[in-house]
Amino acid sequence: MKLRPGTEALYLDIFELAKNEIRAQKGCMGIELLRSLNEGDTFVWTISSWQSNEDLESYRASALFRKTWSAVKPLFSDKAQAWTLTPIETLA
């Protein structure tokens, strides 16, 4: 998601405060934060893996999600997007 100029540090602070609580949610198998810098714009993605769609939906319905989302959503300059993806193949 594209961040508003000057908000990256705040976004990273919010992620730092929430990441361990998110990871501790039932069914969360991992969380990753990615960044892309493109022509002066900053884009961030969080990728989380869940044991089941039910676990993901429980997290999305949680107070933790509402609190975190309400803090980060104003930092995005474009409409937020989310996808649920299913791995086809993983090489480690």
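Keep in mind that this is a model prediction, so the values were computed, not measured.

Student: Tell me about the overall build of the protein, and name the residues and values.
Tutor: Secondary structure assignment for the protein yields 3 helices and 2 strands. The order of helices and strands in the protein, counted from the N terminus, is α-β-β-α-α. Overall size of the protein, expressed as C-alpha extent along the three principal axes, is 35 × 35 × 20 Å. Going through the 92 residues of the protein one by one, you find that 24% of them count as buried. For the protein, restricting intrachain contacts to residue pairs at least 6 apart in sequence, the fraction spanning at least 24 positions comes to 56%. A total of about 6900 Å² of accessible surface is found on the protein, and carbon and sulfur atoms cover 54% of it. Averaging the coordinates of the 11 positive side-chain charges in the protein and doing the same for the 12 negative ones gives two points 6 Å apart.

Student: I'd like a description of the environment of Thr84, backed by residues and values.
Tutor: As for its placement among the helices and strands, Thr84 is situated in the segment after helix H3 (63-72). Assessed through its relative accessible area of 52%, Thr84 is described here as exposed. Residues Thr84 and Ser49, 35 residues apart in the sequence, show an inter-C-alpha distance of 9.7 Å. With residues up to four places along the chain from it excluded, the contact list for Thr84 reads Asn53, Leu56 and Arg60.

Student: Can you break down the pairing of strand S2 (residues 41-50) residue by residue, with the values?
Tutor: For strand S1 (residues 28-38) and S2, the ladder comprises 10 bridges, and the chain directions are antiparallel. Its bridge partner lying in S2, Ser36 is registered against Phe43. The hairpin formed by S1 and S2 contains 2 residues between the paired strands, and Glu39 there has a positive phi angle of roughly 50°.

Student: Any chance you could break down the packing of helix H1 (residues 8-23) against H3 for me, citing the residues and the numbers?
Tutor: Working note: a packed helix pair is described by the angle between its axes plus the distance between those axes. Running from N to C, H1 and H3 cross one another at 170°; their axes reach a closest spacing of 10 Å. Between H1 and H3, the interaxial angle falls into the category roughly antiparallel. Only Leu64, Thr68, Ala71 and Val72 of H3 make contact with H1, whose side of the interface consists of Tyr11, Ile14, Ala18, Glu21 and Ile22.

Cut-offs and rules
Residues numbered from 1 in each chain as written. Predicted model: local features only at pLDDT ≥ 70, side-chain atom pairs only at ≥ 80, totals over all residues. Heavy atoms only, no water. Helix = DSSP H or I, 4+ residues; strand = E, 2+ residues; numbered from the N terminus. Buried < 20%, exposed > 50% of the residue type's maximum accessible area, 1.4 Å probe, protein only. Contact = heavy atoms within 4.5 Å. Areas by Shrake-Rupley, 256 points an atom, 1.4 Å probe, with all protein chains shown as cover. Lys, Arg positive; Asp, Glu negative; His and termini not counted. Charge placed at Lys NZ, Arg CZ, Asp CG, Glu CD. Pairing = 2+ DSSP bridges. Axes fitted to C-alpha atoms, helices over the stretch in contact; angles between N-to-C directions. Parallel < 35°, antiparallel > 145°, perpendicular 65-115°, else oblique.

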